[in-house]
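An overview of the molecular structure
Chain by chain, the residues:
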Amino acid sequence: MRSYSFTLNGGKVTVQAPADMPLLWVLRDLLGVTGPKYGCGVGVCRACTSHLDGAEIQPCVVPVADCADRSVTTIEGLADGDTLHPVQQAWLDCDVAQCGFCQPGQIMAAAALLKHTPAPTDADIDAIENICRCGTYARIREAIKKASAGHPEGPSRQEVNGG
């Protein structure tokens, strides 16, 4: 087995693993990071959504070798210290979660969307492919719009609240 080093949530880590081991198993089994969830193992449900160098990925299908000398961010690293990311705060404000299983992946997908599309349309939000078995899609949309309202190019708070 080889050693792979990468930055995880702002800190340098090194793991010994087979090159083709999915990053999800490295995170969960070797590093104890439990935010990204295992749902399908083929990148479809997206419960494991995280970021690699700022871009959305599904770590269940990304081999650890592809992460060497790169930056991985999971839900655990999204906040800035004690200050929640705007998407995390909007999730709480809009009471999005029911069971909560898919929420880390949903939040990470929404954060990636807002990074590249600060004022998303309903169609942009609908393009997020993360699956929520509880069906909280209306509250997810509301939270994403609320989080975008804090961005200079996002909608006003009045527009988000239907005014």
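Rules of the game
Residues numbered from 1 in each chain as written. Predicted model: local features only at pLDDT ≥ 70, side-chain atom pairs only at ≥ 80, totals over all residues. Heavy atoms only, no water. Core = buried A, V, L, I, M, F, W, Y, C linked by side-chain atoms within 4.5 Å. Buried < 20%, exposed > 50% of the residue type's maximum accessible area, 1.4 Å probe, protein only. Helix = DSSP H or I, 4+ residues; strand = E, 2+ residues; numbered from the N terminus. Contact = heavy atoms within 4.5 Å. Pairing = 2+ DSSP bridges. Phe/Tyr/Trp six-rings, centres within 6.5 Å; stacked < 30°, edge-to-face > 60°. Axes fitted to C-alpha atoms, helices over the stretch in contact; angles between N-to-C directions.

**Regarding the nonpolar core**
One finds Val-87, Trp-91 and Ile-144 to be the most contacted residues of the largest nonpolar core, which totals 22 residues. Counting residues per element, the ones that place at least two in this core are helix 2 (86–93), helix 3 (103–116) and helix 5 (137–149). With 7 residues, the single largest contributor to this core is helix 3. Those residues within four positions of Val-87 in sequence are excluded, and the remaining contacts are Ile-107, Ala-110, Ala-111, Leu-114 and Ala-147.

**Considerations on the pairing of strand 2 (residues 11–17)**
When strand 1 (residues 2–8) meets strand 2, the two strands line up antiparallel, connected through 7 bridges. For Arg-2, the partnering residue across the bridge sits in strand 2 and is Ala-17. The loop that links strand 1 with its antiparallel partner strand 2 comprises 2 residues; one of these, Asn-9, has a positive phi angle of about 50 degrees.

**Things to note about the packing of aromatic side chains**
Overall, the coordinates contain 1 aromatic pair when judged by the stated rule. With a centroid separation of 5.1 Å and an interplanar angle of 35 degrees, the aromatic rings of Trp-25 and Tyr-38 are classed as tilted. Separated by 13 residues along the polypeptide, Trp-25 in helix 1 (residues 23–30) and Tyr-38 in the loop between helix 1 and strand 3 (50–52) bring together distant segments of the chain. A residue is classified by how much of its surface remains accessible, and Trp-25, at 29% relative accessible area, is partly exposed.

**Side note on the sheet that holds strand 4 (residues 55–57)**
Read across the open sheet, the 5 strands follow the order 2-1-5-3-4; overall the sheet is mixed. Each edge of the open sheet is held by one strand with a lone partner, namely strand 2 and strand 4. With direction set aside, neighbouring strand axes in the sheet form an average angle of 40 degrees. Note: strand 3 against strand 5 (residues 71–73), 2 bridges, orientation antiparallel. Each bridged residue has a counterpart across the sheet, and for His-51 the counterpart in strand 5 is Thr-73. Lying on the sheet, helix 3 is in contact with strand 3, strand 4 and strand 5; it crosses strand 3 at an angle near 45 degrees.

**Side note on unusual backbone geometry**
Here Arg-46, not a glycine, exhibits a phi torsion of approximately 70 degrees, which is positive. If you trace the backbone, Arg-46 turns up in the loop between helix 1 and strand 3. The backbone phi angle of Asp-95 is positive, close to 50 degrees, even though this residue is not glycine. Tracing the backbone through its elements, the reader meets Asp-95 in the loop between helix 2 and helix 3.

**A few points about the side chain of Thr-74**
Within the secondary structure layout, Thr-74 lies in the loop between strand 5 and helix 2. A relative accessible area of 0% means that Thr-74 is categorised as buried. Residues contacting Thr-74, with those up to four places away along its chain left out, are Leu-8, Asn-9, Leu-27, Val-33, Pro-36, Ser-50 and Met-108.

**With respect to the pairing of strand 1**
One ladder, built from 2 bridges, connects strand 1 with strand 5; its direction is parallel. Across the sheet, the residue bridging to Thr-7 is Ser-71, located in strand 5.

Note that every value here comes from positions in space, so none of it alone points to a role or purpose.
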